[in-house]
Amino acid sequence: MDRKVVEIDENASVMDAIKAMMDNNVWSLVVTRNKLPVGVVTERDIIRRCLSKGRALTTAVGGIMSSPIETISPEAPLGEAMAKMAEKGIRRLFVVEQGKIIGRITQTELFENTLNVMMTLSSLKTQL
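Report on the accompanying structure.

Definitions and limits used
Residues numbered from 1 in each chain as written. Predicted model: local features only at pLDDT ≥ 70, side-chain atom pairs only at ≥ 80, totals over all residues. Heavy atoms only, no water. Buried < 20%, exposed > 50% of the residue type's maximum accessible area, 1.4 Å probe, protein only. Helix = DSSP H or I, 4+ residues; strand = E, 2+ residues; numbered from the N terminus. Pairing = 2+ DSSP bridges. Axes fitted to C-alpha atoms, helices over the stretch in contact; angles between N-to-C directions. Contact = heavy atoms within 4.5 Å. 1 Å grid on protein atoms, 1.4 Å probe; cavity = no way out; pocket = protein on both sides within 12 Å on 5 of 7 lines; lining within 4 Å. Points joined across faces, edges and corners; volume = space filled by probe spheres on them. Nonpolar A, V, L, I, M, F, W, Y, C, P; charged D, E, K, R; others polar.

### Here we look at the pairing of strand β3 (residues 36-42)
Residues in a regular strand project their side chains so that they alternate between the two faces of the sheet.
In step 1: For β3, a buried count of 5 out of 7 residues is recorded, marking the element as mostly surrounded by other parts of the structure.
In step 2: In the sheet, strand β2 (residues 28-33) pairs with β3 via 6 bridges, with the strands oriented antiparallel. Across the sheet, Ser 28 pairs through a bridge with Thr 42, a residue of β3.

### A look at the sheet that holds β2
In step 1: In spatial order, the strands read β1-β2-β3; together these 3 strands make up an open sheet with mixed pairing. On the outer flanks of this sheet lie β1 (7-9) and β3, each paired with one strand and no other. Strand-to-strand twist of the sheet, defined as the mean angle between neighbouring strand axes without regard to direction, takes the value 40°.
In step 2: Against the sheet, helix α1 (residues 14-24) contacts β1, β2 and β3, and its axis sits at roughly 130° relative to β2.

### Here's the deal with the side chain of Thr 42
In step 1: Tracing the sequence through the fold places Thr 42 in strand β3.
In step 2: Accessibility expressed as a relative area gives 6% for Thr 42, which makes it buried.
In step 3: Contacts of Thr 42, omitting those with residues within four sequence positions, involve Met 21, Trp 27, Ser 28 and Arg 92.

### A look at the layout of surface pockets
In step 1: Estimates place the volume of the largest pocket at around 620 Å³.
In step 2: Elements with a contribution of two residues or more to the lining of the largest pocket: β3, α2 (43-49), β5 (92-97), β6 (100-106) and α4 (107-127).
In step 3: If one sorts the elements of the lining of the largest pocket by residue count, α2 sits on top with 5 residues.
In step 4: Residue classes in the lining of the largest pocket are distributed as 7 nonpolar, 9 polar and 11 charged.
In step 5: There is about 170 Å³ of room inside the second largest pocket.

Here you go:
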């Protein structure tokens, strides 16, 4: 789980979102309304829902965000996260504890962690 979750207000512009992504080295932002999470905007949303449609970079991120946010518990097993991503066709889940977003899990991170587990198990098998 990556604990670096960056928020942006739904009325901020796409250009503000790009700047926030670059400044924070992230590719998704939690979109808020009155400081409460209502969606997520990703680099993919910016390309598909703004740039490819000829919309201005002054467009509000609330108009191109994905909503609702898909969440998971911090206690959920790895397989549950993978299954939820596959079922919903999404690339990230936000980890929520006591109603608050505490991190995110991405498809890439899940793949890397699964690969690490498999490699460890494989090396243990060859040592036996």
